[in-house]
Amino acid sequence: MHIGINLELSLDEIAEEIRRCRLCPLHESRRKAVPGEGSDKARLMLIGEAPGSEEDEQGRPFVGRAGRMLDETLKFAKLQRRDLFITSVVKCRPPNNRPPKVEERRTCLPYLKRQIDVIKPKMICLLGIVALQTLLKEESATKARGKVIEKDGQLYFSTYHPAASLYNVGLKSVIYSDMKEIKELLENSY
Ligand code: URA
């Protein structure tokens with residue numbers, strides 16, 4: 001007989017916990033926590049850095065400027081938001097959009113790990129250096145991007161954060177082609 005707590009929580013239950021979370025100081029300044037959204041059967045999960053102002057207002061991931069860039073990228077790769085799961089390493093907005101502190105990332109990480117455990121995606125696309133550092137302990141976005149990396153039985157593909165292309169337009173075509181490659185890999189190889 002198995003006695004114990006049920007660790008197989010649903011995404012909704014995890015989201016509810018995130019909305020009530022007070023484990024780090026970011027809960028004091030947030031308007032809404034942003035657990036993430038999409039399919040619990042997603043083959044592809046996208047992981048960004050942390051919510052910005054629009055996300056904090058709406059409680060939804062990637063709905064601001066970076067989100068519009070992401071939507072264009074998804075459209076180019078013929079991927080639909082509803083088939084993916086989109087979230088960030090940190091679920092509450094850091095004040096003034098500063099990068100989330102290492103301690104905040106560490107505190108929030110168990111929520112992400114539990115989301116990954118429920119979804120069991122074939123591939124995780126890491127959007128930007130914060131996701132890359134947090135999940136793969138890799139410091140060089142340039143070195144890691146554009147290839148499939150396996151860690152602990154999970155496949156990852158790292159690319160630049162969509163917001164990076166707002167400041168460096170040259171990165172836009174790189175992000176576009178990376179997303180298209182992920183789509184093709186999922187269709188043909190995995
Ligand atoms: N940037 C992120 O990394 N995540 C969001 O949800 C929005 C912007």
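How each quantity is defined
Residues numbered from 1 in each chain as written. Predicted model: local features only at pLDDT ≥ 70, side-chain atom pairs only at ≥ 80, totals over all residues. Heavy atoms only, no water. Helix = DSSP H or I, 4+ residues; strand = E, 2+ residues; numbered from the N terminus. Rg over C-alpha atoms; globule rule 2.2 N^0.38 Å. Buried < 20%, exposed > 50% of the residue type's maximum accessible area, 1.4 Å probe, protein only. Contact = heavy atoms within 4.5 Å. Areas by Shrake-Rupley, 256 points an atom, 1.4 Å probe, with all protein chains shown as cover. Lys, Arg positive; Asp, Glu negative; His and termini not counted. Charge placed at Lys NZ, Arg CZ, Asp CG, Glu CD. Pairing = 2+ DSSP bridges. Axes fitted to C-alpha atoms, helices over the stretch in contact; angles between N-to-C directions. Near = heavy atom within 4 Å. Polar contact = N/O pair within 3.5 Å; in protein donor to acceptor, adjacent residues only side chain to side chain. Nonpolar A, V, L, I, M, F, W, Y, C, P; charged D, E, K, R; others polar. Core = buried A, V, L, I, M, F, W, Y, C linked by side-chain atoms within 4.5 Å. Expected span 1.5 Å × (residues − 1). Arc of directions from axis to C-beta. pLDDT = per-residue confidence, 0-100. Parallel < 35°, antiparallel > 145°, perpendicular 65-115°, else oblique. Left-handed = near helix turned anticlockwise from the far one by under 90°. Salt bridge = Lys/Arg side-chain N within 4 Å of Asp/Glu carboxyl O.

(A) Expanded view of the overall build of the protein. Secondary structure assignment for the protein yields 9 helices and 6 strands. For 190 residues, the compact-globule estimate of 2.2 N^0.38 gives 16 Å, and the C-alpha radius of gyration of the protein, at 16 Å, lies within 12% of that figure. With respect to the principal axes defined by its C-alpha atoms, the protein has extents near 45 × 45 × 30 Å. Put simply, the protein has 190 residues, and 47% of those count as buried. Restricting the contact set of the protein to residue pairs at least 6 apart, pairs at least 24 apart contribute 72%. If you sum the accessible surface of the protein, you get close to 10300 Å²; carbon and sulfur atoms cover 50% of it. Between the centroid of the 33 positive side chains of the protein and the centroid of its 27 negative side chains there is a distance of 2 Å.

(B) Geometry of the sheet that holds strand S6 (residues 154-159). A sheet is described by the order of its strands in space; here 6 strands give the open sequence S1-S3-S2-S4-S6-S5, paired in mixed fashion. Across the chains shown, the open sheet's two edge strands, defined by having one partner strand only, are strand S1 (37-38) and strand S5 (148-151). With 2 bridges connecting them, S1 and strand S3 (residues 85-88) associate as antiparallel partners. Across the sheet, Gly38 pairs through a bridge with Phe85, a residue of S3. Sitting on the sheet, helix H6 (residues 129-136) is in contact with strand S2 (44-48), strand S4 (123-127), S5 and S6, with an inclination near 130 degrees to S4.

(C) Structural context of the site of the ligand. Neighbouring the ligand are Gly48, Glu49, Ala50, Pro51, Glu55, Pro61, Phe62, Ser88 and His161. Note that a nitrogen atom of the ligand is positioned 2.8 Å from one of the side-chain N or O atoms of Ser88. A distance of 2.9 Å is found between an oxygen atom of the ligand and a side-chain nitrogen or oxygen belonging to His161. Among the residues forming the shell around the ligand, the class breakdown is 4 nonpolar, 3 polar and 2 charged.

(D) View of the nonpolar core. In this structure, Met45, Ile47, Leu112, Leu126 and Leu135 are the most contacted members of the largest nonpolar core, which totals 29 residues. When residues of this core are traced back to their parent elements, those giving at least two are helix H1 (11-20), S2, helix H5 (102-119), S4 and H6. With 6 residues, the top contributor of residues to this core is H5. In contact with Met45, not counting residues within four places along its chain, are Phe85, Thr87, Leu112, Gln115, Ile116, Ile119, Pro121, Met123, Ile124 and Cys125.

(E) View of helix H4 (residues 65-76). Under the 1.5 Å per step criterion, the end-to-end length of H4 is 17 Å for 12 residues, consistent within 8% with the ideal 16 Å. Every buried residue of H4 is accounted for by Ala66, Gly67, Met69, Leu70, Thr73 and Leu74. Looking straight down H4, one finds that the buried residues subtend no more than 155 degrees of arc, so they occupy a single side. Pointing more than 90 degrees away from the buried face of H4 are the exposed residues Arg65 and Lys75. The inward-facing, buried residues of H4 contact S2, S3, S4, helix H8 (164-167) and helix H9 (170-188).

(F) How the structure looks around the confidence of the model for the protein. Looking at the protein, the pLDDT average stands at 94 and 96% of residues meet or exceed 70. With pLDDT under 50 throughout, residues 1-6 is counted as low confidence; its partners more than four residues away or in other chains account for 0 contacts.

(G) Spatial organisation of the packing of H4 against H9. Between H4 and H9, the least distance of the axes is 8 Å, while the angle of their chain directions is 50 degrees. When the axis of H4 is compared with that of H9, the two are oblique. Classified by chirality, the crossing of H9 by H4 is right-handed. Facing H4, whose interface residues are Met69, Leu70, Glu72, Thr73, Leu74 and Phe76, H9 presents Lys172, Ile175, Tyr176, Met179 and Lys180. By residue class, the composition of the contact of H4 with H9 is 7 nonpolar, 1 polar and 3 charged.

(H) Here's a closer look at the side chain of Glu55. Looking at the secondary structure, you find Glu55 in helix H3 (residues 53-58). For the buried Glu55, no salt bridge exists, and the shortest N-O distance to an oppositely charged side chain is 7.0 Å, to Arg93. A polar contact of 2.9 Å, which involves the side chain of Glu55, links it to the backbone nitrogen of Val63. Residue contacts for Glu55: discarding those within four places in its chain leaves Val34, Arg60, Pro61, Phe62, Val63 and Gly64.

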